[in-house]
Amino acid sequence: MDYFRSVTQSVLGTPQPGHQPTGAETVERLIDRVQSSTLLEDRRDGCRALKAMSRKYRVLVGAHGMDTLTQVLEADRSDHEIVNYSLETLVNITSPEEYPEEAEDEGITTDDQTSAVGEQFTEIFTKRQENIELLVSLLDEFDFKVRYPAVKLLTNLLENRPKDLQEVILVIPSGVSKLMDLLSDSREVIRNDTLLLLTQLTKSNTNLQKIVAFENGYDHMFEIIQGEGFADGGVVVEDCLILMLNLLHNNPSNQTFFKEGSYIQRLTSFFSLPLDSKDGWSAQKVTNIHYMLQLVQTMVAPQNPAQAVASCQKLMNRCGLLQALAGLLMASGVPVDILTDTITTVSDMIRGSQPNQEFFASMMAPSTPPRPAIVVLLMSMVNDKQPFILRCAVLYCFQCFLYRNQTGQAQIIQTLLPQTADVVPGAKPFPNSVTAGQLLCSGLFSPDPVSNWFAAVALSHSLVDNNTQKENMLRVQLATSVGSPPVSLMQQCTSILQAGTKVLTRFGILMLLSTWLAHCPVAVQTFLAIPTAVPYLTTHVGANEHDELEMVCQGLCAFLLGLCVQFNDGSGSNFSRESLKQLVTDRIGAENFSDKLSNISRTEVYTKAAKSPQQAAKQPSDLVFDHEFCRLFKSLEVSCVRAVNPQLMGGNSTEVCPAEVIKYKDIIRDQDAEMNQLREILSKVQKELKEFEIDKEQLSAKVQQLHDENTVLKAQQGIAVEATGSSAQVNNSETKIDGGAGGGEQLTQQMALLQQQLAEVTHARDYYYYEMYKKNTELTTLQQQQQQQLEQKQQEQQEQSVQQAAAINGPQVNNHHDMQNAANFFDTLPNPEMENLRKQLEDLQLVLYNKDSEIQQLKETSAQTLALTAAVEKPNGLTDKEAEISKEDRDKDANMINTKLEQENISLKQEVKDAETHIKQLQTQLATASAAAAAAGTSAGSATEARCRQLEEELHTIKGEQDDLLVLVTDQDSKMSEYRRKLRSYGEDVTEDEDDDEEDEDYGISDDYDDDLEDLQ
């Protein structure tokens, strides 16, 4: 406390007398100090004080200072000391543990809510992915003061919010790689905490498990385990094994990598233990061996794919791991927990593997005389003095030894027969030696119900899917007492049932008899030959019991009775199938029989036993069903009900052959695999199709873009050609202004260029005028031809009217011909051709307007250049001679411009005259058409009026065009007046009526224009 008080006083200063600041005020001032201080030392002192207060005032520091501490990590990353204070403070804030010094007066009840405080702050901190990325990047710092608290903070975050942090680390580039690099850190405390961090990180996340495994995670852990001394190591070995279990549990990909990476061979060194050591087994060593055995079980668990389990079993036998575990199993002084786990592990290693089962059968226990290991284990199973979990493990080992092992089943049954009672499977016979069959019979008839259940289930596994041994076991004879005749094993089992023994014994006997009678008609006939067997079953099934275990026992009796009906071939004389069916129907009832049978599958113990072949019982009361019996019951329940009452299940009692079921299952499995392959192919094809469509769209867009660019470039190229002269002119003007001494000569050259461009534009405009004149001439010629045709037709019509005046129907015929001629006249008018000519005229007028605009721009440029010339002449200090030459050039240029403008004016006036002539001709046509319409009569009036209106509209349009030409002429006159004014300002004598020679017939440029241009240049 003195240290804390000194720290806060050094940072905050001495408090005012009589005023003691509260914790909230102190925290607020410290946070403000860290935020606002410009000196690194002040911020460092503030972080150190916050760290000291972060346990007692955890909520205050976390609520107000978390963002500030994060900013410190970003801004002051180069200073490792302040980073250490910030990280340690965040570790205290997010810790899932409860600190004893936490204040209870801060609004938090430590008993109920303290554990949630760390989770709440973790949720706030992990909302920003950048915070986690910052922590992962801090792992690159080698300084212990930075790396170690960063690891601790990540561990706290994983404990509080594992799912959120797993998702973030999964998307951080090289996030897992940086964590794996910490396993190579020479400082053990960082390495050990990294193991805990990776254990939390890989829980229930398959993707992270794969990444850690493929980042050489197995190699790192094996190196650590070897360095720590394998099983004799400390808690670090335990942490490594837990992490390896996380990587392998329910992860087929990592299991395959573990197998193919030759890591199974390295497991053998784990069990190279000094079995005769007198030091005993420490608690840590027991824990380490326990996790090592779990690691082996994970690789050969029955829930794994059968092919992967078979390859692992084969590899374990080849590398000596099975032999090492067998030696541990037969060693003395091994703790019960380790011995139980070892038996279970060896059981999984030999289950369904014929080479491993043969090795186990040949394994001898170190005893005098030597006994097979299976016999020694059975002695432990039937001994009620042994621990219950050990007896369950031995039963599971015996089941795995007989699983799909008909040879082993035959060996066990042979030990029950009289002539081979002294034969020990897998060993030489010894006098008075105990056999496996004798041990099973002794357990079956033992007063201990648990031994009865174990022995009955073990005997039933000797008969699973083996009808030969079922028939052989019918030959087993037992001597119940001295002097009494021997009885068969089946009769003895029936006697035990009728004796009303404990329910656990009855469960075992009924499951044994059910396995024995299934698919074996001979055993069924033998059982029906026992006089008291069927009455016992019918009486017991028909009883009204409410106890759960008794109801299960009734269900087992009903199942056994159904097997007698289903597999009764009628060879015996006691009960036939029909008589049994009638007996069940009369005494039990078909529906009651079905209900009793279904009681088995409704129980929870049935569901648990059907999940795994290994017994999950923790105490004797949990023993009810065996896994193999559950499989048998599931396959025959429906057929038993149908055998008793075919109408009850809506079908017949025909039995389904197991071979057929297996066949169809294989067909379905193959079809399912083929469908999966086709789905994969379909998904690939669809993916490729989408890619092709995307590529097609991209190419189409690219083609369109190139087409647009090509169009734009063509347009830019045309504009560039027209603008080249103007650009050069402006650049030359600027250069001339900056030039200085030779300014007058350069300006003269620029004027010549401008005049050349003006002449080119004028030449183009004159060409368009000439084309317009030609079109007008053609139009006039066509109109004259039409006029001549019209006059000729009118004359012919008048002659015809005179000749037909005397006719009776003369007026009607005359009117008809007038109408016909008027129609023919309007039809002969070339309307489409006139429309085309009018459109061409409009286009020429548009071109003329554009050219006039260009002329105006060039003239404005010329005016600007002349103004610049006047401004440059005075500073440059030109001589009188040079000024006179410049004046002559200007006069010449002005005269030329005046000449061209006047030529344009004359051309426009001529166009106006042509337009007026055209209008007069159209008016003449209109008058002629009106006269023809009047002569045609009233019946053709409507057509004539329509045509007249059309001609009037054309006349109106041409008048509008004439007005536009007049406007252009007026503009040209204005321009000429303006240029005359400018020429007068330069001192030239210009008259108002000055004219040039007559213009050329082709409206071109004068013949001496080129000579004049050369003189100017």
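Residues numbered from 1 in each chain as written. Predicted model: local features only at pLDDT ≥ 70, side-chain atom pairs only at ≥ 80, totals over all residues. Heavy atoms only, no water.

**Student:** I keep staring at the overall build of the chain and nothing clicks. Help me out?
**Tutor:** Of the regular secondary structure elements, the chain holds 42 helices and four strands. When each of the 1017 residues of the chain is scored for burial, the buried share is 46%. Total accessible area computed for the chain in this model is approximately 52000 Å², and 50% of it derives from carbon and sulfur atoms. (Helix = DSSP H or I, 4+ residues; strand = E, 2+ residues; numbered from the N terminus. Buried < 20%, exposed > 50% of the residue type's maximum accessible area, 1.4 Å probe, protein only. Areas by Shrake-Rupley, 256 points an atom, 1.4 Å probe, with all protein chains shown as cover.)

**Student:** Sorry, what's going on with the nonpolar core here?
**Tutor:** For soluble globular proteins, the rule of thumb is that nonpolar side chains tend to be buried together. Of all hydrophobic cores here, the largest spans 209 residues; its most connected members are Tyr218, Phe258, Phe271, Met473 and Phe625. Of all the elements, helix 22 (residues 388-402) adds the most residues to this core, at twelve residues. (Core = buried A, V, L, I, M, F, W, Y, C linked by side-chain atoms within 4.5 Å.)

**Student:** What is the right way to read the pattern of salt bridges from this model?
**Tutor:** Opposite charge on two side chains permits pairing when their charged atoms draw close. Inspection of the entire model under this criterion finds 20 salt bridges. Between Asp219 and Arg266 there is a salt bridge, with its nearest N and O atoms 3.5 Å apart. In this pair, Asp219 sits in helix 12 (residues 206-228) while Arg266 sits in helix 15 (residues 263-267), placing the two residues 47 residues apart along the sequence. Given the relative accessible area of 23%, Asp219 is considered partly exposed. For Arg266, a relative accessible area of 29% gives the class partly exposed. By sharing partners, the salt bridges in this structure join Arg44, Asp79 and Glu81 into a single network. (Salt bridge = Lys/Arg side-chain N within 4 Å of Asp/Glu carboxyl O.)

**Student:** Would you mind going over the environment of Asn466 with me for this structure?
**Tutor:** Structurally, the position occupied by Asn466 is in the loop between helix 25 (449-461) and helix 26 (467-473). C-alpha of Asn466 to C-alpha of His519: the two residues are 53 residues apart in sequence and 9.4 Å apart in space. Once you skip the residues sitting within four places of it in the chain, Asn466 turns out to touch Gln406 and Gln409. At 2.8 Å, the side chain of Asn466 and the side chain of Gln409 are in polar contact. (Contact = heavy atoms within 4.5 Å. Polar contact = N/O pair within 3.5 Å; in protein donor to acceptor, adjacent residues only side chain to side chain.)

**Student:** Can you walk me through a nonpolar patch on the surface in this structure?
**Tutor:** Together, Leu170, Val171 and Ile211 make up an exposed nonpolar region whose accessible area comes to about 220 Å². With respect to the helices and strands, the residue Ile211 is situated in helix 12. (Patch = residues over 30% accessible without salt bridge, like charges linked within 9 Å, V, L, I, M, F, W, Y side chains within 5 Å.)

**Student:** It is not clear to me how helix 27 (residues 489-498) should be interpreted in this structure. Could you clarify?
**Tutor:** Of all ten residues making up helix 27, seven are buried, and the element is well covered by its neighbours. Those residues of helix 27 that fall on the buried side of the exposure criterion are Leu489, Met490, Gln492, Cys493, Thr494, Ile496 and Leu497. Positive phi shows up at Gly500, right after helix 27, with a value of about 70 degrees.

**Student:** Explanation requested: the environment of Asp32 in the structure shown.
**Tutor:** Within the fold, Asp32 resides in helix 2 (residues 23-36). A relative accessible area of 45% places Asp32 in the partly exposed class. Each C-alpha atom of the pair Asp32 and Thr68 lies 9.1 Å from the other, and the pair is 36 residues apart in sequence.

**Student:** Honestly, unusual backbone geometry in this entry has me stumped. Any pointers?
**Tutor:** Backbone phi values are negative for most residues with the exception of glycine, while trans is the configuration of most peptide bonds. The backbone of Phe230 sits at a positive phi, close to 55 degrees, despite the residue not being glycine. On the basis of relative accessibility, which here comes to 23%, the residue Phe230 falls in the partly exposed class. Here Asn250, not a glycine, exhibits a phi torsion of approximately 55 degrees, which is positive. Within the secondary structure, Asn250 is located in the loop between helix 13 (235-248) and helix 14 (252-260). Judged by relative accessible area, Asn250 falls into the exposed class, the value being 60%.

**Student:** Help me understand the packing of aromatic side chains, please; the structure alone is not making it clear to me.
**Tutor:** The description of an aromatic ring pair rests on the distance of the ring centres and on the angle between the ring planes. A full pass over the atoms with the stated rule returns 20 aromatic pairs. Taken together through their ring pairs, the aromatic side chains of Phe214, Tyr218, Phe222, Phe230, Phe257, Phe258, Tyr263 and Phe270 make up a single cluster. The ring of Trp281 carries Lys285 above its face, with NZ or CZ at 4.7 Å from the centroid. When the ring centre of Tyr403 is taken as origin, the NZ or CZ atom of Arg351, which lies over that ring, is 3.9 Å away. (Phe/Tyr/Trp six-rings, centres within 6.5 Å; stacked < 30°, edge-to-face > 60°. Lys NZ or Arg CZ within 6 Å of the ring centre and 35° of its normal.)

**Student:** Explain helix 16 (residues 283-299) here, please?
**Tutor:** One turn of an α-helix holds 3.6 residues; hence residues three or four places apart share an orientation. Taking 1.5 Å of rise per residue, 17 residues should cover 24 Å, and helix 16 covers 25 Å from first to last C-alpha, within 8% of that figure. Of all the positions in helix 16, only Lys285, Asn288, Ile289, Tyr291, Met292, Leu293, Leu295, Val296, Gln297, Thr298 and Met299 are classed as buried. (Expected span 1.5 Å × (residues − 1).)

**Student:** So what exactly am I meant to see when it comes to the packing of helix 8 (residues 144-160) against helix 9 (residues 162-171) here?
**Tutor:** The interhelical angle for the contact between helix 8 and helix 9, taken along N-to-C directions, is 125 degrees, at an axis separation of 5 Å. With respect to helix 9, the axis of helix 8 lies oblique. Residue-level inspection shows Leu154, Leu157, Leu158, Glu159 and Asn160 of helix 8 in contact with helix 9, the latter providing Pro162, Leu165 and Gln166. Residues belonging to the contact of helix 8 with helix 9 are distributed by class as follows: five nonpolar, two polar and one charged. (Axes fitted to C-alpha atoms, helices over the stretch in contact; angles between N-to-C directions. Parallel < 35°, antiparallel > 145°, perpendicular 65-115°, else oblique. Nonpolar A, V, L, I, M, F, W, Y, C, P; charged D, E, K, R; others polar.)

**Student:** So what exactly am I meant to see when it comes to the packing of helix 19 (residues 336-350) against helix 20 (residues 354-362) here?
**Tutor:** Each pair of packed helices can be described by the angle between their axes along with the distance between the axes. It is the contact of helix 19 with helix 20, at a shortest axis distance of 8 Å, that shows an interaxial angle of 135 degrees. Here helix 19 is positioned oblique relative to helix 20, judged by the angle of their axes. For the pair formed by helix 19 and helix 20, the contact residues are Val346, Met349 and Ile350 on the first element and Asn356, Gln357 and Phe360 on the second. Taken together, the residues of the contact of helix 19 with helix 20 break down into four nonpolar, two polar and no charged.

**Student:** Please explain the side chain of Glu238 as it appears in this structure.
**Tutor:** Its place among the elements puts Glu238 in helix 13. For the buried Glu238, no salt bridge is present, and the opposite-charge side chain at shortest range is Lys203, 11 Å distant. Aside from chain neighbours lying at most four places away, what touches Glu238 is Gln284, Thr287, Asn288 and Tyr291. (Lys, Arg positive; Asp, Glu negative; His and termini not counted.)

**Student:** Please clarify how the confidence of the model for the chain should be interpreted in this entry.
**Tutor:** In low-pLDDT regions, the fine details of the predicted coordinates are not to be read closely. In the predicted model, the chain carries a mean pLDDT of 78, and 69% of its residues have values of at least 70. The model gives residues 420-432 a pLDDT under 50, and that stretch makes 25 contacts with residues more than four places away or in other chains. Confidence drops under pLDDT 50 across residues 805-830; counting only partners more than four residues distant or on other chains, this segment forms 24 contacts. (pLDDT = per-residue confidence, 0-100.)

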